[in-house]
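Single-letter residue listing:
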Amino acid sequence: MAKLKLESFDAENNTALLSLDSSVYTLDVLYGAAYALIDRAYVLLDKQSREGGKGSRFIVHLRGKRKLNKDTIANLSGEFSNELLSQALRRKVVKQNGALIEEIVTQAIAGAAGAALPQDFAEEEDDLDFLDDPLGIAVPWEEKFSKNKKES
Amino acid sequence: MSAEIKLRLHRSMYMAQAIKDAIGIFEDFARFEMKRQDDHYNVDIHDIDPEVDGDLAGEFCNFALAHTIERKRKTPK
């Protein structure tokens, strides 16, 4: 049986009926495609078990919000099929690159929220005077050198 | 008087709470009865307000579906 099949379309009632193999398209993919179309069509989803209980098929009823002819109903069904593929690919990419996407977002948020500002240091160094020089950086080279010379 | 509409919404695809939300939104325009039967929720729509312009059953289905999807997205897997 076909993986995706346009079962029927009825121009008089403005409807198309599609059936999809549930082992090929997951429910999440179906939801994504249906959600993308609900501004233009009425969507009703159903599920049918196969005879003998082996697997199932999703049934999609699409009805145009505006009066559609045979061609536009067929186009709507085609758009739905394309959206299914797009959603399936999107989910695959997210699954493959999920860790990388998470890492980039984490770094971006940390960078935006955690940047050190001058006022963050102000309280810690409150008791230090600007003339204090605990590391001796401000001592001229000559003084250091002359001391060393005297000692030697 | 408008005809009764019967909808069958599969339980694995529509959340009960989303259907109840939809009933809450549309109950000013019709009378709704929701029953659980086997794998489906059966929703009967009666007494649709004749002033209603548009496809009430279609809008109801879209609302229930959209709310199901949004609720499932919010629920951690």
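You'll find the structure just up there.
Now for a quick tour of the structure. (Residues numbered from 1 in each chain as written. Chains lettered and ligands numbered in written order. Predicted model: local features only at pLDDT ≥ 70, side-chain atom pairs only at ≥ 80, totals over all residues. Heavy atoms only, no water.)

### Considerations on the pattern of salt bridges
All names here are of chain B.
For step 1, the next point in the chain: Inspection of every chain in the model, using the stated rule, returns nine salt bridges over all chains.
For step 2, the next point in the chain: Among the ionic pairs, Lys-6 bridges to Glu-4, the shortest N-O distance being 3.3 Å.
For step 3, the next point in the chain: For Lys-6, a relative accessible area of 58% gives the class exposed.
For step 4, the next point in the chain: Salt-bridge contacts for Asp-47 lead to Arg-31; the nearest nitrogen and oxygen are separated by 3.1 Å. Of this pair, Asp-47 sits in the loop between strand S3 (40–46) and helix H2 (56–74) while Arg-31 sits in strand S2 (residues 31–37), placing them 16 residues apart in sequence.
For step 5, the next point in the chain: Judged by its relative accessible area of 42%, Arg-31 falls in the partly exposed class. (Salt bridge = Lys/Arg side-chain N within 4 Å of Asp/Glu carboxyl O. Buried < 20%, exposed > 50% of the residue type's maximum accessible area, 1.4 Å probe, protein only. Helix = DSSP H or I, 4+ residues; strand = E, 2+ residues; numbered from the N terminus.)

### Details of the sheet that holds S2 of chain B
Residues and elements named next belong to chain B.
For step 1, the next point in the chain: With respect to topology, three strands assemble into an open sheet ordered S1-S3-S2, the strand pairing being antiparallel. Strands with a single pairing partner mark the edges of an open sheet, and in this sheet they are strand S1 (5–10) and S2. The mean inter-strand angle of the sheet, taken between neighbouring strand axes irrespective of direction, is 20°.
For step 2, the next point in the chain: In this sheet, S3 lies alongside S1 in antiparallel orientation, the contact comprising six bridges. Of the residues in S3, the one forming a bridge with Leu-7 is Val-43.
For step 3, the next point in the chain: Seen against the sheet, helix H1 (residues 16–26) touches S1, S2 and S3 and runs at an angle of roughly 165° to S2.
For step 4, the next point in the chain: On top of the sheet, H2 reaches S1, S2 and S3; it is set at about 15° to S1, its chief contact. (Pairing = 2+ DSSP bridges. Axes fitted to C-alpha atoms, helices over the stretch in contact; angles between N-to-C directions. Contact = heavy atoms within 4.5 Å.)

### Focus on the interface of chain B and chain A
For step 1, the next point in the chain: Taken residue by residue, the interface counts 20 residues in chain B and 17 residues in chain A.
For step 2, the next point in the chain: For the chain B and chain A pair, buried surface summed over both sides reaches about 1600 Å², with 55% attributable to carbon and sulfur atoms.
For step 3, the next point in the chain: Linking chain B with chain A are one salt bridge.
For step 4, the next point in the chain: For Arg-63 of chain A, the salt bridge is made with Asp-55 of chain B, and the minimal N-O distance between the two is 2.1 Å. (Buried area = accessible area lost by both parts, 1.4 Å probe.)

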